[in-house]
Amino acid sequence: MKKITMIVAMKQEAVPLIEKLGLAQTSDTNPLLPCKAFSGEYKNLSINLVTNGSDSVHGVENVGTQPATLATYEALRLFSPDLIINAGTCGGFSDHGCKIGDVYMGERIRFFDRRIPMGDHYEAYGDSNYPCELAVELAQKLDLPTSIVCTGNSLDMSPTDEAILRQEPLVNKEMEAAAIAWVASHYQMPLVAVKSVTDLMDSEHGTADEFSSNLALASKNLQVEVLRLLDLLAQQSLTQD
Ligand code: ADE
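Residues numbered from 1 in each chain as written. Predicted model: local features only at pLDDT ≥ 70, side-chain atom pairs only at ≥ 80, totals over all residues. Heavy atoms only, no water.

Asks: Just checking my understanding: could you explain the layout of surface pockets for this structure?
Replies: Over the atoms a probe the size of a water molecule is rolled, and this reveals where empty space is left. The calculated volume of the largest pocket comes to roughly 270 Å³. Val63, Thr89, Leu155, Met175 and Phe211 are, among the 18 residues lining the largest pocket, the residues nearest its centre. Looking at the lining of the largest pocket, the element that brings in the most residues is strand β5 (residues 83-92), giving three residues. When the residues that make up the lining of the largest pocket are grouped by side-chain class, the tally is eight nonpolar, five polar and five charged. (1 Å grid on protein atoms, 1.4 Å probe; cavity = no way out; pocket = protein on both sides within 12 Å on 5 of 7 lines; lining within 4 Å. Points joined across faces, edges and corners; volume = space filled by probe spheres on them. Helix = DSSP H or I, 4+ residues; strand = E, 2+ residues; numbered from the N terminus. Nonpolar A, V, L, I, M, F, W, Y, C, P; charged D, E, K, R; others polar.)

Asks: What is the right way to read the packing of helix α1 (residues 11-21) against helix α7 (residues 207-240) from this model?
Replies: At a closest axis distance of 8 Å, the pairing of α1 and α7 adopts a crossing angle of 45°. Regarding the angle of α1 to α7, the classification is oblique. As for how α1 packs across α7, the hand of that crossing is right-handed. Along the contact surface, α1 presents Gln12, Glu13, Pro16, Leu17, Lys20 and Leu21, while α7 presents Leu215, Ser219, Lys220, Leu222, Gln223, Val226, Leu227 and Leu230. A class-by-class count of the residues in the contact of α1 with α7 yields eight nonpolar, three polar and three charged. (Axes fitted to C-alpha atoms, helices over the stretch in contact; angles between N-to-C directions. Parallel < 35°, antiparallel > 145°, perpendicular 65-115°, else oblique. Left-handed = near helix turned anticlockwise from the far one by under 90°. Contact = heavy atoms within 4.5 Å.)

Asks: Even after reading the chapter, I still don't get the environment of leucine 83, so can you show me in this structure?
Replies: Tracing the backbone shows leucine 83 in strand β5. Between the C-alpha atom of leucine 83 and that of serine 56, which follows or precedes it by 27 residues, the distance is 30 Å. When sequence neighbours within four positions are dropped, the list of residues in contact with leucine 83 reads Lys3, Ile4, Thr5, Leu134, Met189, Pro190, Leu191, Val192 and Leu233.

Encoded structure:
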(Lines give C-alpha, C1' and ligand atoms only; values in the text may rest on other atoms or scores of the structure.)
Protein backbone atom coordinates (compact mmCIF):
# COMPACT_ATOMS: atom_id res chain seq x y z
CA MET A 1 0.00 0.00 0.00
CA LYS A 2 1.35 3.42 -0.96
CA LYS A 3 2.13 5.62 2.07
CA ILE A 4 1.36 9.33 1.88
CA THR A 5 2.30 11.81 4.58
CA MET A 6 0.70 15.24 4.57
CA ILE A 7 2.36 18.12 6.41
CA VAL A 8 -0.17 20.85 7.25
CA ALA A 9 0.96 23.78 9.40
CA MET A 10 -2.26 24.97 11.05
CA LYS A 11 -5.13 23.04 12.62
CA GLN A 12 -7.61 25.28 10.75
CA GLU A 13 -6.07 24.20 7.43
CA ALA A 14 -6.02 20.53 8.44
CA VAL A 15 -9.51 20.04 9.94
CA PRO A 16 -11.44 19.76 6.62
CA LEU A 17 -8.97 17.07 5.47
CA ILE A 18 -8.98 15.21 8.79
CA GLU A 19 -12.79 15.14 8.79
CA LYS A 20 -13.21 14.25 5.11
CA LEU A 21 -10.67 11.39 5.37
CA GLY A 22 -11.88 10.26 8.82
CA LEU A 23 -8.34 10.40 10.23
CA ALA A 24 -7.84 9.67 13.93
CA GLN A 25 -5.21 11.27 16.15
CA THR A 26 -2.35 8.93 17.08
CA SER A 27 0.04 9.06 20.01
CA ASP A 28 3.03 8.20 17.80
CA THR A 29 4.76 11.58 17.94
CA ASN A 30 7.35 12.44 20.57
CA PRO A 31 5.29 14.01 23.41
CA LEU A 32 8.00 16.61 23.99
CA LEU A 33 7.41 18.01 20.49
CA PRO A 34 4.42 20.19 19.52
CA CYS A 35 3.52 18.39 16.26
CA LYS A 36 0.40 16.20 16.11
CA ALA A 37 -0.22 13.14 13.91
CA PHE A 38 -3.49 11.77 12.47
CA SER A 39 -3.75 8.49 10.57
CA GLY A 40 -6.15 6.48 8.46
CA GLU A 41 -6.69 4.86 5.07
CA TYR A 42 -8.21 6.28 1.92
CA LYS A 43 -8.94 3.88 -0.93
CA ASN A 44 -5.68 1.92 -1.33
CA LEU A 45 -3.54 4.61 0.33
CA SER A 46 -2.17 4.72 3.86
CA ILE A 47 -2.47 8.31 5.03
CA ASN A 48 -0.73 10.18 7.81
CA LEU A 49 -1.25 13.87 8.41
CA VAL A 50 1.05 15.85 10.69
CA THR A 51 0.30 19.37 11.90
CA ASN A 52 2.85 21.69 13.52
CA GLY A 53 0.77 21.88 16.71
CA SER A 54 0.36 24.94 18.90
CA ASP A 55 2.85 27.02 20.87
CA SER A 56 2.60 26.30 24.60
CA VAL A 57 3.70 29.82 25.56
CA HIS A 58 1.54 31.92 23.21
CA GLY A 59 -1.33 29.49 22.53
CA VAL A 60 -1.21 30.04 18.76
CA GLU A 61 -0.53 27.68 15.87
CA ASN A 62 3.16 27.01 15.21
CA VAL A 63 3.48 28.56 11.77
CA GLY A 64 6.84 29.06 10.08
CA THR A 65 9.95 27.18 9.12
CA GLN A 66 11.31 25.77 12.41
CA PRO A 67 8.05 23.99 13.35
CA ALA A 68 7.73 22.74 9.75
CA THR A 69 11.28 21.36 9.84
CA LEU A 70 10.62 19.55 13.10
CA ALA A 71 7.22 18.21 12.02
CA THR A 72 8.65 16.92 8.74
CA TYR A 73 11.61 15.25 10.43
CA GLU A 74 9.32 13.58 12.96
CA ALA A 75 6.88 12.52 10.20
CA LEU A 76 9.61 10.98 8.06
CA ARG A 77 11.13 9.20 11.07
CA LEU A 78 7.77 7.75 12.13
CA PHE A 79 6.03 7.01 8.86
CA SER A 80 8.70 6.50 6.14
CA PRO A 81 6.24 7.57 3.44
CA ASP A 82 6.56 7.20 -0.35
CA LEU A 83 5.48 10.80 -0.90
CA ILE A 84 5.02 14.01 1.11
CA ILE A 85 2.20 16.42 0.36
CA ASN A 86 2.52 19.88 1.91
CA ALA A 87 -1.04 21.23 1.94
CA GLY A 88 -1.53 24.80 3.09
CA THR A 89 -2.61 28.34 2.41
CA CYS A 90 -0.73 31.20 0.81
CA GLY A 91 -0.82 34.74 -0.48
CA GLY A 92 -0.82 35.63 -4.16
CA PHE A 93 -0.63 38.72 -6.37
CA SER A 94 -3.90 39.65 -8.08
CA ASP A 95 -1.89 41.22 -10.89
CA HIS A 96 -0.46 37.72 -11.50
CA GLY A 97 -4.05 36.50 -11.92
CA CYS A 98 -4.47 34.98 -8.42
CA LYS A 99 -7.92 34.96 -6.83
CA ILE A 100 -9.01 34.14 -3.28
CA GLY A 101 -9.64 30.39 -2.99
CA ASP A 102 -7.60 29.43 -6.09
CA VAL A 103 -5.52 26.30 -5.56
CA TYR A 104 -2.04 25.86 -7.08
CA MET A 105 0.63 23.17 -7.11
CA GLY A 106 4.26 24.22 -6.65
CA GLU A 107 6.39 23.67 -9.76
CA ARG A 108 9.36 25.01 -7.75
CA ILE A 109 9.84 25.89 -4.08
CA ARG A 110 12.31 28.45 -2.71
CA PHE A 111 13.02 30.78 0.19
CA PHE A 112 12.64 34.50 -0.49
CA ASP A 113 13.86 36.04 2.78
CA ARG A 114 17.20 34.32 3.37
CA ARG A 115 19.50 36.98 1.98
CA ILE A 116 23.17 36.02 2.40
CA PRO A 117 25.22 38.36 0.17
CA MET A 118 28.49 36.49 0.61
CA GLY A 119 29.06 35.29 -2.96
CA ASP A 120 27.13 33.09 -5.39
CA HIS A 121 27.20 29.91 -3.30
CA TYR A 122 25.79 31.50 -0.14
CA GLU A 123 23.21 33.43 -2.18
CA ALA A 124 22.09 30.23 -3.90
CA TYR A 125 22.02 28.41 -0.53
CA GLY A 126 19.86 31.20 0.92
CA ASP A 127 17.35 30.97 -1.94
CA SER A 128 17.54 27.14 -2.18
CA ASN A 129 15.49 26.27 -5.26
CA TYR A 130 13.71 22.91 -5.15
CA PRO A 131 12.20 21.91 -8.52
CA CYS A 132 9.12 19.64 -8.21
CA GLU A 133 8.76 17.68 -11.47
CA LEU A 134 6.22 15.28 -9.98
CA ALA A 135 3.97 18.18 -8.97
CA VAL A 136 4.05 19.55 -12.52
CA GLU A 137 3.06 16.14 -13.89
CA LEU A 138 0.23 15.73 -11.37
CA ALA A 139 -0.99 19.32 -11.84
CA GLN A 140 -1.34 18.70 -15.58
CA LYS A 141 -3.42 15.59 -14.92
CA LEU A 142 -5.59 17.46 -12.40
CA ASP A 143 -5.81 20.57 -14.58
CA LEU A 144 -4.51 22.72 -11.70
CA PRO A 145 -2.29 25.79 -12.23
CA THR A 146 1.31 25.73 -11.00
CA SER A 147 3.23 28.45 -9.16
CA ILE A 148 6.58 29.24 -7.59
CA VAL A 149 6.02 28.60 -3.89
CA CYS A 150 8.08 31.18 -1.97
CA THR A 151 8.76 30.62 1.73
CA GLY A 152 9.61 33.17 4.41
CA ASN A 153 8.91 33.71 8.10
CA SER A 154 6.66 36.79 7.92
CA LEU A 155 2.98 37.10 7.04
CA ASP A 156 3.43 40.72 6.00
CA MET A 157 5.67 41.77 3.12
CA SER A 158 8.47 44.33 3.26
CA PRO A 159 9.44 46.30 0.11
CA THR A 160 12.61 44.15 -0.10
CA ASP A 161 10.53 40.96 0.08
CA GLU A 162 8.21 42.27 -2.62
CA ALA A 163 11.09 43.14 -4.97
CA ILE A 164 12.45 39.58 -4.64
CA LEU A 165 9.01 37.95 -4.99
CA ARG A 166 8.29 39.98 -8.11
CA GLN A 167 11.32 38.47 -9.85
CA GLU A 168 9.28 35.24 -10.09
CA PRO A 169 6.54 34.82 -12.72
CA LEU A 170 3.70 33.51 -10.51
CA VAL A 171 4.19 33.56 -6.77
CA ASN A 172 2.48 31.86 -3.85
CA LYS A 173 3.94 33.31 -0.64
CA GLU A 174 3.78 31.09 2.43
CA MET A 175 5.79 30.05 5.49
CA GLU A 176 6.73 26.35 5.39
CA ALA A 177 7.27 24.63 2.01
CA ALA A 178 11.00 25.30 1.51
CA ALA A 179 11.79 24.07 5.03
CA ILE A 180 9.83 20.88 4.31
CA ALA A 181 11.63 20.55 0.96
CA TRP A 182 15.00 20.88 2.71
CA VAL A 183 14.21 17.99 5.09
CA ALA A 184 12.70 15.90 2.26
CA SER A 185 15.84 16.40 0.16
CA HIS A 186 17.94 14.58 2.76
CA TYR A 187 15.69 11.54 2.37
CA GLN A 188 15.39 11.89 -1.46
CA MET A 189 11.67 12.02 -0.77
CA PRO A 190 9.35 13.45 -3.46
CA LEU A 191 7.34 16.47 -2.29
CA VAL A 192 4.19 17.95 -3.76
CA ALA A 193 3.05 21.35 -2.42
CA VAL A 194 -0.63 22.25 -2.78
CA LYS A 195 -1.44 25.86 -1.85
CA SER A 196 -4.79 27.65 -1.58
CA VAL A 197 -4.94 31.47 -1.71
CA THR A 198 -6.26 33.28 1.40
CA ASP A 199 -5.06 36.79 0.57
CA LEU A 200 -4.05 39.05 -2.27
CA MET A 201 -0.87 40.83 -1.31
CA ASP A 202 -1.48 43.73 -3.71
CA SER A 203 -5.05 44.43 -2.56
CA GLU A 204 -6.02 47.47 -0.49
CA HIS A 205 -7.03 45.22 2.45
CA GLY A 206 -4.54 44.19 5.14
CA THR A 207 -3.03 40.72 4.66
CA ALA A 208 -3.86 39.56 8.20
CA ASP A 209 -7.54 40.61 7.82
CA GLU A 210 -7.86 38.92 4.43
CA PHE A 211 -6.12 35.82 5.75
CA SER A 212 -8.52 35.52 8.70
CA SER A 213 -11.63 36.23 6.60
CA ASN A 214 -10.74 33.68 3.92
CA LEU A 215 -9.02 30.91 5.90
CA ALA A 216 -12.13 28.68 6.09
CA LEU A 217 -12.97 29.04 2.39
CA ALA A 218 -9.36 28.47 1.28
CA SER A 219 -9.02 25.44 3.59
CA LYS A 220 -12.22 23.93 2.15
CA ASN A 221 -10.95 24.42 -1.42
CA LEU A 222 -7.62 22.93 -0.36
CA GLN A 223 -9.43 19.85 0.95
CA VAL A 224 -11.34 19.43 -2.32
CA GLU A 225 -8.19 19.59 -4.46
CA VAL A 226 -6.11 17.38 -2.13
CA LEU A 227 -8.89 14.77 -2.37
CA ARG A 228 -8.68 14.93 -6.17
CA LEU A 229 -4.91 14.48 -5.85
CA LEU A 230 -5.35 11.46 -3.54
CA ASP A 231 -7.89 9.97 -5.98
CA LEU A 232 -5.32 10.28 -8.76
CA LEU A 233 -2.52 8.79 -6.61
CA ALA A 234 -4.80 5.91 -5.57
CA GLN A 235 -5.62 5.24 -9.21
CA GLN A 236 -1.95 5.39 -10.21
CA SER A 237 -0.88 3.06 -7.42
CA LEU A 238 -3.56 0.54 -8.51
CA THR A 239 -2.08 0.35 -11.97
CA GLN A 240 1.49 0.22 -10.57
CA ASP A 241 0.85 -2.57 -8.01
N1 ADE B 1 -0.22 32.19 4.36
C2 ADE B 1 -1.34 32.67 3.82
N3 ADE B 1 -1.13 33.90 3.29
C4 ADE B 1 0.16 34.20 3.50
C5 ADE B 1 0.98 35.31 3.20
N6 ADE B 1 0.50 36.38 2.56
N7 ADE B 1 2.27 35.26 3.57
C8 ADE B 1 2.77 34.19 4.22
N9 ADE B 1 2.05 33.11 4.53
C10 ADE B 1 0.75 33.11 4.17
